[in-house]
Each structure stands twice: as C-alpha cells, then as structure tokens.
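Survey of secondary and tertiary structure
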Amino acid sequence: MLPRARRLPRASFPLAAAGPLRAASAHLSLSASNAVAGYAVVVSKKVARRSVDRHRLKRRLFSLLRGGRLPSALVVYARKGAAELPFPALKEELRALLAKVA
C-alpha cells in the first residue's frame, strides 16, 4: 500500500476520476488529473468476487505505482480478467497506459 499521505482523499475522488487524461486497455483503465494530488485503485466485485482477490489486485497495482513517474492524481480501475493476469503482464499493461497519459 501507499503511505496515507500519497493516497487520494475521498473528498477529492470525483475531481481525479473525471480528469481530462484517460487511457484504457483490455484489463485496466485510468484517469489522471493535475487538479488534486493522490492515487487510488478501484477493484469492484464484478472484477474479483472474493475480497481476497480484490485486495491482492489492489496491492499489486499499488506496488506498481510506487516506482515511476506519475501524474499528481491518478485513479486506476481494474476490469474483468485483471485478477487472473500474472504480475509481469499487469506491470506491462499499466506501464503502457501510463506512457499514454504522460
């Protein structure tokens, strides 16, 4: 997980989620903004039914966000099939999306 200071506050979530910079792939989509600061990962029950799987996917995505150049606000949404991806494939897909936004 990211430190609390780098997480997106709940009050700022709509500003970051409706950001002007968007990118999507088969298993992930993201919204970026420079209006606020912080990062969030959203994994719904439709993506991973069990909470264990949702939390594992969130931890993996947060660990990928730790090292790299990021916009000031970023919301990553997982899509169906993301929970079954191996870590290197998830890393490559997120890296490609961040390159589109940057």
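Look above for the structure.
Just so it is clear, the structure is predicted and the values come from calculations on it, not from any experiment.

Turning our attention to the pattern of salt bridges. Where charged atoms of side chains with opposite charge meet at close range, the side chains can pair. Enumeration over the complete set of coordinates arrives at two salt bridges. A salt bridge links D53 to R50; the nearest nitrogen and oxygen atoms lie 3.2 Å apart. A salt bridge links R56 to D53, with the nearest nitrogen and oxygen atoms 3.3 Å apart. With R56 and D53 both in helix α2 (residues 51-66) and three residues apart, the pair spans about one turn of that helix.

Here we come to the environment of S31. Tracing the sequence through the fold places S31 in strand β2 (residues 28-33). Residues S31 and P20, eleven residues apart in the sequence, show an inter-C-alpha distance of 7.4 Å. Ignoring anything within four residues of it in the chain, the contact list for S31 reads A16, A17, L21, R22, A73, L74, V75 and Y77. Separated by 3.4 Å, the side chains of S31 and R22 make a polar contact.

Parameters at a glance
- Residues numbered from 1 in each chain as written.
- Predicted model: local features only at pLDDT ≥ 70, side-chain atom pairs only at ≥ 80, totals over all residues.
- Heavy atoms only, no water.
- Salt bridge = Lys/Arg side-chain N within 4 Å of Asp/Glu carboxyl O.
- Helix = DSSP H or I, 4+ residues; strand = E, 2+ residues; numbered from the N terminus.
- Contact = heavy atoms within 4.5 Å.
- Polar contact = N/O pair within 3.5 Å; in protein donor to acceptor, adjacent residues only side chain to side chain.

None of this, on its own, says anything about what the molecule does.
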